[in-house]
Amino acid sequence: MHGERASTGAERSGMDGGTEGPAVLEDVRAAAMRPVLETPRWWWPTVGALGALVLLGIAAWVVQVADGLGVAGYNNQAFWAVYEADLVAFIGVSYGGAVVSAVLRITKATWRAPLTRIAEATALVTLPVGMLFIVPHLGSPWRIWELVWPPYWNLSSPILWDFFAVSTYLLATAVFFYLPLIPDSAVAKGWLGPERRGLRARFCRRLYQALGGRWRGSTSDRRLLHGAIGLVAVMIIPMAVSVHSVLSFAFASSSRAGYLETIFPVYFVVAALYTGIALVVLSIAACRRLYHLEAFVHPRHFVRLGFLLAAFGAAYLYLTFTEYLIDGYSGTIDNAAWVRQVLVGRYWIPFWFYFVAAGLLPLLIIALRRLRTAKGVVVASGLVVFAMWVKRLVIVIPPATEPLVRSPLAATGVLAQDWGTYHFTWVPISVTVAATAAIPLALLVLFRFVPVLPVTEMEELAEREGFEEIMQELAGPEPPASTSAALATPRGSGPRRPTSSADATSEEGAQ
Amino acid sequence: MTEPDVARMKAAWPGAARGEGNGRDMEAQKEDPARPPAEAEGQPVTFNRRGFLRGATLGGLGLAAAGALGRVFEASQAASATSTSAPAKAAHQWAMVIDLRYCNGCKLCTAACQAAHYLHEDQTWIDVFSMRNAAGESYFMPRPCMMCEDPPCVPVCPVSANFRTAEGLTLVDQSRCIGTRICMNACPYQARYFNWGAPRPAPRQPFPQEPAWPVPQVEGTVGKCVFCAAMLPSGQLPECVSHCPMGVIYLGDLESDVAVNGLGNTVKLSEFLAANDAVKFKESYGTHPRVFYIPGHGQDLDLDAENA
């Protein structure tokens, strides 16, 4: 809605200016390397606290292995619940990295530059965490090796498709993270002076040598790198779409009302984009505060990501609406019963919580100019991440607790069974909290070794005409009165016609 | 049952791959026809052999993969599914007839099944549901595994732990099941039950622990009604059949067209089904169950009062 209005603003013209390069560049390098070089006072306490949460989750899982899945609240009429929702939610949030980085890269949205490393790193750490949920999900995790044992493979199983798709996506995410790091490693090595001794400094030097040791910065080097990044950026988008589609097949390829939905693949992809952008907003906000990136990441960045968030939030709300409308309207006994349970029955609280917290509020926050600030977008993102996890529970649990045996002889379809009930216990909650804590923990550790800003990319963009203007506009005072002005991406980044972010993503969402 | 019959059945059971890469190894069954193959026990020794056999056939995996993918499309053509899935050469094609007219809801079948297989109370492999028909009259409906001809639970398992024997029985290899529970999602009859904790301990059994006699159950795996597959070759009826005081449940064989219940009544299967308007449960799901229900004739047995 707002994206459409904004796209007209992209035609705003008349921006020429020079570059004031070197000083800014020094700042970029210093800011990017600060987390590597300095250990702030909050670092160890934070890492310790997050690590303790992770250990608690692992302990809960050990209890579950010892006592069986029953301690996680499962039963025969609630055979899938929290872990399956976690699997979907955590793999889903990893999509944000792909969007912010790959989509904005392909659409030449230059303002993305300071955000890409953080976005890609977030994707890189959330995806393995999401994949790990397969371990507590399994009843016999000690046999997990069977999934990688080809003689046992049953290629007609959607779970195996999941496994292949997610593994491939993990590889692509790692490559996508690694490629822009090659020139940065060469830069970082220079910043890690020989006077620094210590174990970590030596390890970092080795790391940078291994990652970017052969980078010379020549024209052919650059051309090769840009080609590779462009290729992976193009490849990673359909790959991410396929991952979340296939993830939905595991649910949709059944005969249960509420799972058997042809809308599921699209639904899951849009949900992944929605939560993925929200998580990227949160991690960018945290990095900005903790690593003092205020000079590079501006409130305007959050507002632009907020428009992306709103676009996907609206799309998801629409898909939810169509799903329930059609299933409820068709009126077949199973579908109608399921829709009724979700909307007004035993699952009404989590559903309407989603509707308010991740359906209406984010849209409202982005729509109202007074709330459309960096803080507002961060609050909206927090709501989205949590409420969409709740929505995943609403997707997973009701059909799993559905009673399937009803009288075959009665025209009215009298039930012989009641709905099942999933009982929350401390075990899956601890495991979920641990996984949540693992993401900032992994990011904190990762940025002890890796520059937090894509130095080379920012420097290259800074050499281009007009980049300074873009950054200045981002850094400017509070967003101007008109929405379109706030969103405009000025011309000047080369001969290409710049595409506004909202323009690009509304197209993306429409497909 | 004659002796040669028994021997033939033992040879055919429980392996009998469906020829699509998710069945069992036929080779392993050649060794001793008098004894159910140890291949399914999942002991380390047998695993090695199976692993080796599988490894040796890796070359043919591509072919198997193509077959398995083809299975996805085959499943959509439900109309053609009638007994394409099981090889026709087996000596028996097991089926069940449940005569709802006489079921009084005593649940002795459930109790006998749980006692024989050492199941927990919530593991009702054969469950008896209290139903009401359109006229509001009560009747009871026992629900074992439907032993579908096109079982939705089999193709969804990522590690091929579900398989269908040549005699038409869908079984679970609990030494392989990793507990994804996607088969519980796939089954439209809610006939699958998970071992959420430690299974009930069982004393030494007359049969080895294997898919046809999964006793004791294995923690973290899925279990379900097996038609007491290990007892059939020696001519014993399944526990639920022999323990039904009303003679409701019949074990049938589509091959010899005979069905027999626990009271010793023997009927000609096809005629019995036709004469009594037998139906299958959820036929529209395309699963082609091999459990036939003979509906009640609308009489109100008022069994709630009788049981009280």
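Residues numbered from 1 in each chain as written. Chains lettered and ligands numbered in written order. Predicted model: local features only at pLDDT ≥ 70, side-chain atom pairs only at ≥ 80, totals over all residues.

Draft legend 1. View of the overall build of chain A. Along chain A, the regular secondary structure elements total 21 helices and zero strands. Scored against the burial criterion, the 511 residues of chain A give a buried share of 51%. Taking contacts inside chain A between residues at least 6 apart in sequence as the whole, the part at least 24 apart equals 83%. (Helix = DSSP H or I, 4+ residues; strand = E, 2+ residues; numbered from the N terminus. Buried ≥ 20, exposed ≤ 12 C-beta atoms within 10 Å, placed from the backbone. Contact = placed C-beta atoms within 7 Å.)

Draft legend 2. Representation of the overall build of chain B in the model. Regarding its fold elements, chain B presents nine helices and eleven strands. By sequence separation, contacts in chain B at least 24 residues apart represent 63% of the contacts at least 6 residues apart.

Draft legend 3. Examining the nonpolar core more closely. All names here are of chain A. Counting residues in each nonpolar core, the largest one holds 229 residues, and the members touching the most others are Ala 81, Tyr 274, Ile 277, Val 281, Leu 309, Phe 312 and Val 384. When residues of this core are assigned to their parent elements, the largest contribution, 18 residues, is made by helix H12 (residues 264-290). Filtering out sequence-adjacent residues up to four positions away, Leu 309 remains in contact with Ile 277, Ala 278, Val 281, Pro 362, Ile 366, Val 377, Ala 380, Ser 381 and Val 384. (Core = buried A, V, L, I, M, F, W, Y, C linked by C-beta atoms within 7 Å.)

Draft legend 4. Fine view of the interface of chain A and chain B. Listed by partner, the interface residues are 43 residues for chain A and 52 residues for chain B. Element by element, the count of residues in the side of chain A that touches chain B is highest for helix H8 (residues 158-178) of chain A, at three residues. In the side of chain A that touches chain B, the residues fall into 24 nonpolar, 15 polar and four charged. (Nonpolar A, V, L, I, M, F, W, Y, C, P; charged D, E, K, R; others polar.)

Draft legend 5. Local environment of the sheet that holds strand S8 (residues 249-253) of chain B. Residues and elements named next belong to chain B. Pairing within the open sheet is mixed, and its five strands lie in the order S10-S9-S8-S1-S11. Looking at the sheet topology across the chains shown, the edges are occupied by strand S10 (266-268) and strand S11 (291-294). Adjacent strand axes in the sheet meet at a mean angle of 25° when their direction is disregarded. (Pairing = 2+ DSSP bridges. Axes fitted to C-alpha atoms, helices over the stretch in contact; angles between N-to-C directions.)

Draft legend 6. Spatial organisation of the packing of H12 of chain A against helix H16 (residues 374-400) of chain A. All names here are of chain A. The interhelical angle for the contact between H12 and H16, taken along N-to-C directions, is 135°, at an axis separation of 8 Å. Classed by the angle they form, the pair H12 and H16 counts as oblique. Crossing hand, H12 versus H16: left-handed. Residues Ala 271, Tyr 274, Thr 275, Ala 278, Leu 279, Val 281, Leu 282 and Ala 285 of H12 lie in contact with H16, whose contacting residues are Val 377, Val 378, Ser 381, Gly 382, Val 384, Val 385 and Met 388. (Parallel < 35°, antiparallel > 145°, perpendicular 65-115°, else oblique. Left-handed = near helix turned anticlockwise from the far one by under 90°.)

Draft legend 7. A look at the packing of helix H5 (residues 95-106) of chain A against H12 of chain A. Residue and element names in this part refer to chain A. Where H5 meets H12, the closest approach of the two axes is 7 Å, and the angle between their N-to-C directions is 80°. One finds that H5 runs roughly perpendicular with respect to H12. Residues Tyr 95, Gly 96, Gly 97, Val 99 and Val 100 of H5 form the contact with H12, whose participating residues are Ala 272, Leu 273, Gly 276, Ile 277, Leu 279 and Val 280. Per-class residue counts for the contact of H5 with H12 are eight nonpolar, three polar and no charged.

Draft legend 8. Region of interest: the pairing of strand S1 (residues 94-99) of chain B. Residues and elements named next belong to chain B. Among the six residues of S1, six are classified as buried, and the element is accordingly described as predominantly covered. Residues Trp 94, Met 96 and Ile 98 line one face of S1 and the alternating positions Ala 95, Val 97 and Asp 99 line the opposite face, and both faces are buried. The pairing of S1 with S8 spans five bridges and is antiparallel. Bridge pairing in S8 places Ala 95 opposite Gly 252. Pairing between S1 and S11: four bridges, direction parallel. Residue pairing across strands places Val 97 opposite Phe 292, the latter belonging to S11.

Draft legend 9. Quick look at unusual backbone geometry. Residues and elements named next belong to chain B. With omega at -10°, the peptide bond leading from Val 215 into Pro 216 counts as cis. Mapped onto the fold, Pro 216 is located in the loop between strand S6 (192-194) and strand S7 (222-224). A positive phi angle is found at Ser 160, which is not glycine, with a value near 55°. Structurally, the position occupied by Ser 160 is in the loop between helix H5 (153-156) and strand S4 (162-164). One non-glycine residue with positive phi stands out, namely Lys 282, at about 55°.

Draft legend 10. Representation of the confidence of the model for chain B in the model. Residues and elements named next belong to chain B. Taken as a whole, chain B shows an average pLDDT of 77; of its residues, 67% reach a score of 70 or greater. Segment residues 1-57 is flagged for pLDDT under 50; beyond a separation of four residues in sequence, or across chains, it makes 93 contacts in the model. Note that pLDDT drops below 50 for residues 59-64; the model gives that stretch two contacts with residues more than four away or on any other chain. With a pTM of 0.80, the predicted complex shows an ipTM of 0.81. (pLDDT = per-residue confidence, 0-100.)

Draft legend 11. Representation of the environment of Thr 107 of chain A. Residues and elements named next belong to chain A. Mapped onto the secondary structure, Thr 107 falls in the loop between H5 and helix H6 (116-132). Look at Thr 107 and you get partly exposed, because 19 C-beta atoms sit within 10 Å. Distance in space between the C-alpha atoms of Thr 107 and Arg 304 is 14 Å, their sequence separation being 197 residues.

Draft legend 12. Spatial organisation of H12 of chain A. Residue and element names in this part refer to chain A. Its 27 residues give H12 an end-to-end C-alpha distance of 38 Å, which sits within 8% of 39 Å, the value for a rise of 1.5 Å per residue. For H12, a buried count of 22 out of 27 residues is recorded, marking the element as mostly surrounded by other parts of the structure. Positive phi shows up at His 292, right after H12, with a value of about 55°. (Expected span 1.5 Å × (residues − 1).)

Draft legend 13. Spotlight on the pairing of strand S9 (residues 258-261) of chain B. Residues and elements named next belong to chain B. The two faces of S9 differ: Ala 259 and Asn 261 on one face are buried, but Val 258 and Val 260 on the other face are not. Relative to S9, S8 is paired through four bridges, and the arrangement is antiparallel. Following the sheet pairing, Tyr 250 is matched in S9 by Asn 261. Between the antiparallel neighbours S8 and S9 lie four residues, among them Asp 257 with a positive phi of about 60°. As paired elements, S9 and S10 share three bridges and run antiparallel to each other. If you follow Ala 259 over to S10, its bridge partner there is Val 267. Where S9 hands over to S10, the hairpin turn is made up of four residues, of which Gly 264 adopts a positive phi near 90°.

Draft legend 14. Summary view of the environment of Tyr 324 of chain A. All names here are of chain A. Relative to the elements of secondary structure, Tyr 324 occurs in helix H13 (residues 299-330). Residue classification places Tyr 324 among the partly exposed positions, given that 18 C-beta atoms sit within 10 Å. Distance from Tyr 324 to Trp 338, taken between C-alpha atoms, is 9.3 Å for residues 14 residues apart in sequence. Excluding anything up to four places from it in sequence, Tyr 324 contacts Val 339 and Leu 343.

Draft legend 15. Up close: the confidence of the model for chain A. Residues and elements named next belong to chain A. Residues at a pLDDT of 70 or more form 85% of chain A, whose mean pLDDT is 84. Throughout residues 1-23 the model reports pLDDT below 50, and contacts reaching past four residues in sequence, or to other chains, amount to 55 contacts. Overall, residues 478-511 carries pLDDT values under 50, and its contacts beyond four positions in sequence, including any with other chains, amount to 92 contacts.

Draft legend 16. Looking closely at the environment of Glu 167 of chain B. All names here are of chain B. Looking at the secondary structure, you find Glu 167 in the loop between S4 and strand S5 (170-172). Owing to 25 C-beta atoms within 10 Å, Glu 167 belongs among the buried residues under this scheme. Taking the C-alpha atoms as reference points, Glu 167 and His 92, separated by 75 residues in sequence, lie 5.5 Å from one another.

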